[in-house]
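The primary structure of each chain is shown beneath.
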Amino acid sequence: MKDWKNDFTARFVIGALLVTGIAVLLNMVIGNFNVGRFDLTADQVYRLSPSVRTILSQLEAPIDITYYVSSSEKMPTQWKNLERDVIDKLRELEMASDGKLTYTVFDPSAEEEREALESEKAGTKDDTDAPGVTRKKIAERLFEKGVIPFGVQSTERDEFAIKRVYSSLVLSYLDRKEDVIEEVRPETFGSLEYEIMSRIYKLVANRRPRIGFYPAQPEIPPHMMQHYQQAPPDMYEATVRVLREAGYDVTRTNIKKDDPIPENIQTMLVMADQPLAERQLYELDKLIQEGVSVILAAQMHNYQVQYTTPGNFELRGMPTRVNLNDLVRHYGFEFDTRMFMDQNTAYIQVPVYSTRNLGFMQVREQRLEPVTKPVMIRVNAENINNRLSISNKITELFYLYGTRLIVHDDRMKQDTLFHKTLFTSSNVSWTRDGMGYGPVNTDPPPQEAVLRRQPLGILVEGSFKPKFSDGVVPPWPESDEEAEKEPVPVELSVKGKFGKILAIGCANMFKSDMLQSIPSHVALLRNTVDALTLGDDLINIRSKTITARRIRTIGPAGKALAKGFVVWFSPAVFVLLGIYLTVKRKKK
């Protein structure tokens, strides 16, 4: 028996060693071959988009990417896998580029420690080689490149701290200025592929895409200067900042004689919440005939929510008199001038003030109460066209005080124009006449007056016929010299170049406060500008992001079913199993 046991042990050890050796050998052999990766995520976050090869094929010379990252030991718990994920993404890009893209991983913290250790071993007493000075030199070199460590929260065991870590990408191509992705974070990993490819796209183009933006920063009229202690707020400051951070050269304009539309732009954004002069409409019409893509966001109404009695709020609306319809009606669509409402609504916080007596003093208190009205429209994912690159993976939108778009199909067909709907209202929406005074009736209409899935955003493509095709060029309204000159005849061609117009019946959704609080609005803004300026390749890459999936509201029946399942399912299984075993035992 003893010999058998020794023989078994020897065979087991030898077999285990052989299996281990075979596994190591197979791993070494297979490791030299690319067997591919399998992406089982619903959003296909880890799979390269088909557009990646198209963009990389345009490289004239190899592009080098350096990933500056702190070691995983120095990273917070939720960041420890970031380096591996980023390297995997860079490796896939390298394979897809056919040798035109290379990458290097560099740990600045390890380099600081290595140089500090070498200076200590050298035994020098020169203060310039002290470890602190060495780290400073490395930090200064990286700062010149735009690589700066940033703070992240770290929670380990019972300790809460802020760690300063490196996680940046630097792209180098030919002799052009290096481009930097300053912060690569786990929560933004889904968009990393787009961030890299968009910078490669712009490095290859060797110029920043130029776009125009209306309106410019608000100005104080000279005769009103004494009434203002500070400049009026810029409602679109965050909008312009988002576009500039995306690599666009944004020039703001008020479309005036001394502040014209900038030249050589690829796209023009118009956020219209006030009437435009006829000359301004002419300049836009001329721009469209030249084939420049135009994004039009028109705010036809604004509203004021007033507190009346506890729990009750009154809605008052005011038309903005935006007159873009004088232009776009000629292109086969228009912005509805009636108030638009929808049963699918969102909430806003409205300040409510109350006075309380404290002895002989009165204190005024403020509290915020949630309010919802049918003009505070929420566009859900089922009403967003996910077949288009512009609106793909947009989960929801807050269409605050917006209106619907009226499309004249006959006119578009006559002029050989084509339109696609980006997003619509729900199946229960309606309109109201707005007079600009008195409370607004927000009650739903009779069933026969209900509107179904009205277009709220559309993309129109084709060769647009000019509105100002004959007559004279309208004068600038603020120029007396222009009025004294002889009228200039219009010289626009009967049919312009091929162009695109993206129209949305809400400008409020692109104002600073909305962009800063709703990420999907930022995605929509960048998608629209990218699609009209750079094409669909980059949009197809960025639309591949991690989708925020919200749990739908469960009704009373669903809640009761869920509670019953949780409470009774396990006991029921054991009871049925016991009955089955008992019956089976009795039969035996």
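Here the structure is a predicted model, which is why all the values come from computation and not from measurement.

K.L.:
Just checking my understanding: could you explain the overall build of the protein chain for this structure?
P.N.:
Within the protein chain, the regular secondary structure consists of 15 helices and 23 strands. Taking all 588 residues of the protein chain together, 44% fall into the buried category. For the protein chain, restricting intrachain contacts to residue pairs at least 6 apart in sequence, the fraction spanning at least 24 positions comes to 74%. As displayed, the protein chain offers around 34,000 Å² of accessible surface, 54% of which is attributable to carbon and sulfur atoms.

K.L.:
Sorry if this is basic, but what is going on with the sheet that holds strand β8 (residues 249-252) here?
P.N.:
Strands belonging to one sheet form pairs held by backbone hydrogen bonds; the direction of such a pair is parallel or antiparallel. Reading across the sheet, the 7 strands line up as β8-β7-β9-β10-β23-β22-β20 and stay open at both edges, with mixed pairing between neighbours. Each of the sheet's edge strands pairs with one partner strand only, and the pair in question is β8 and β20 (418-424). Across the sheet, the mean angle separating the axes of adjacent strands is 15 degrees when strand polarity is ignored. Alignment of strand β7 (residues 210-214) against β8, held across 4 bridges, turns out to be parallel. Counterpart to arginine 210 in the pairing with β8 is aspartate 249. Packed on one face of the sheet, helix α7 (residues 237-245) meets β7, β8 and β9 (267-272) and runs near 155 degrees to β8. Of the strands in this sheet, β7, β9, β10 (293-298) and β23 (498-504) touch helix α8 (residues 278-289), which is tilted by about 150 degrees from β9.

K.L.:
It is not clear to me how the sheet that holds strand β2 (residues 101-106) should be interpreted in this structure. Could you clarify?
P.N.:
With respect to topology, 4 strands assemble into an open sheet ordered β2-β1-β5-β6, the strand pairing being mixed. Lying at the two open borders of the sheet, with one neighbouring strand each, are β2 and β6 (179-181). Ignoring strand direction, the axes of neighbouring strands in this sheet form an average angle of 20 degrees. Alignment of strand β1 (residues 63-69) against β2, held across 6 bridges, turns out to be parallel. Bridging from a neighbouring strand, threonine 66 pairs with threonine 104 of β2. With respect to the sheet, helix α6 (residues 192-205) is in contact with β1, β2, β5 (167-173) and β6, its orientation differing from that of β5 by roughly 25 degrees.

K.L.:
Is there a simple way to explain the environment of lysine 89 in this structure?
P.N.:
One can find lysine 89 in helix α3 (residues 82-96). Assessed through its relative accessible area of 3%, lysine 89 is described here as buried. Here the alpha-carbon distance between lysine 89 and leucine 48, two residues 41 residues apart in the chain, equals 8.5 Å.

K.L.:
Looking at this structure, how should I read the packing of α3 against α6?
P.N.:
A pair of packed helices is captured by two measures, namely the crossing angle of their axes and the spacing between those axes. For the pair α3 and α6, the least separation of the axes is 11 Å and the interaxial angle reads 45 degrees. Relative to α6, α3 is oriented oblique. The handedness of the crossing between α3 and α6 is right-handed. Together, Val86, Lys89, Leu90 and Leu93 of α3 and Leu192, Glu193, Ile196 and Met197 of α6 make up the contact between the two elements. Of the residues in the contact of α3 with α6, the class split is 6 nonpolar, no polar and 2 charged.

K.L.:
Please clarify how α7 should be interpreted in this entry.
P.N.:
Each α-helix winds once per 3.6 residues, and so residues spaced three or four apart point in a common direction. Taken residue by residue, α7 has Ala238, Thr239, Val240, Val242 and Leu243 as its buried positions. Tucked inside the fold, the buried residues of α7 contact β7, β8, β9, α12 (512-517) and α13 (519-533). At the C-terminal side of α7, glycine 247 shows a positive phi close to 100 degrees.

K.L.:
How do you make sense of the packing of aromatic side chains when you look at a structure like this?
P.N.:
Remark: the centre distance and the inter-plane angle together describe each pair of aromatic rings, the angle taken between the planes. All told, the structure shown has 10 aromatic pairs when counted by the stated rule. Relative to phenylalanine 335, the ring of phenylalanine 333 has its centre 6.2 Å away and its plane inclined at 80 degrees; by these criteria the two rings are edge-to-face. We note that phenylalanine 333, like phenylalanine 335, is buried. Arranged with centres 6.1 Å apart and planes meeting at 75 degrees, the rings of tyrosine 399 and phenylalanine 423 form a pair that is edge-to-face. Here phenylalanine 423 lies in strand β20 and tyrosine 399 lies in strand β18 (residues 397-400), a separation of 24 residues in the sequence. Since its relative accessible area comes to 0%, tyrosine 399 is described here as buried. Just above the ring of phenylalanine 468 sits the side chain of lysine 467; from NZ or CZ to the centre is 4.9 Å.

K.L.:
Hey, could you run me through the environment of valine 375 in this one?
P.N.:
In this fold, valine 375 is placed in the loop between β16 (361-371) and β17 (376-379). When the C-alpha atoms of valine 375 and histidine 301 are compared, they prove to be 9.8 Å apart, with 74 residues separating the residues in sequence. Not counting chain neighbours up to four residues away, the residues in contact with valine 375 comprise Tyr303, Leu315, Phe340, Met341, Tyr399, Leu400, Tyr401 and Gly402.

K.L.:
What exactly am I supposed to notice about the side chain of lysine 511 here?
P.N.:
Summarising the element assignment, lysine 511 is placed in the loop between β23 and α12. Overall, lysine 511 belongs to the buried group, its relative accessible area being 11%. Once residues lying within four places of it in the same chain are set aside, the contact partners of lysine 511 are Met235, Tyr236, Thr239 and Asp273.

K.L.:
Could you clarify how one ought to interpret helix α15 (residues 556-587) in this entry?
P.N.:
For α15, with 32 residues, the first-to-last C-alpha span of 44 Å sits near the 46 Å given by 1.5 Å per residue. Of all the bends in α15, the greatest reaches close to 45 degrees and is centred on tryptophan 568; the proline proline 571 follows between one and four positions later.

K.L.:
It is not clear to me how the pattern of salt bridges should be interpreted in this structure. Could you clarify?
P.N.:
When their charged atoms lie close together, side chains carrying opposite charge are able to pair. All told, the structure shown has 21 salt bridges when counted by the stated rule. Two residues, arginine 84 and aspartate 85, come together in a salt bridge whose shortest N-O distance is 3.3 Å. Accessibility expressed as a relative area gives 48% for arginine 84, which makes it partly exposed. Each of Asp179, Glu195, Arg199 and Arg526 takes part in one network of salt bridges that share partners.

About the criteria used
- Residues numbered from 1 in each chain as written.
- Predicted model: local features only at pLDDT ≥ 70, side-chain atom pairs only at ≥ 80, totals over all residues.
- Heavy atoms only, no water.
- Helix = DSSP H or I, 4+ residues; strand = E, 2+ residues; numbered from the N terminus.
- Buried < 20%, exposed > 50% of the residue type's maximum accessible area, 1.4 Å probe, protein only.
- Contact = heavy atoms within 4.5 Å.
- Areas by Shrake-Rupley, 256 points an atom, 1.4 Å probe, with all protein chains shown as cover.
- Pairing = 2+ DSSP bridges.
- Axes fitted to C-alpha atoms, helices over the stretch in contact; angles between N-to-C directions.
- Parallel < 35°, antiparallel > 145°, perpendicular 65-115°, else oblique.
- Left-handed = near helix turned anticlockwise from the far one by under 90°.
- Nonpolar A, V, L, I, M, F, W, Y, C, P; charged D, E, K, R; others polar.
- Phe/Tyr/Trp six-rings, centres within 6.5 Å; stacked < 30°, edge-to-face > 60°.
- Lys NZ or Arg CZ within 6 Å of the ring centre and 35° of its normal.
- Expected span 1.5 Å × (residues − 1).
- Bend = angle between axes of the 7 residues up to and from the residue.
- Salt bridge = Lys/Arg side-chain N within 4 Å of Asp/Glu carboxyl O.

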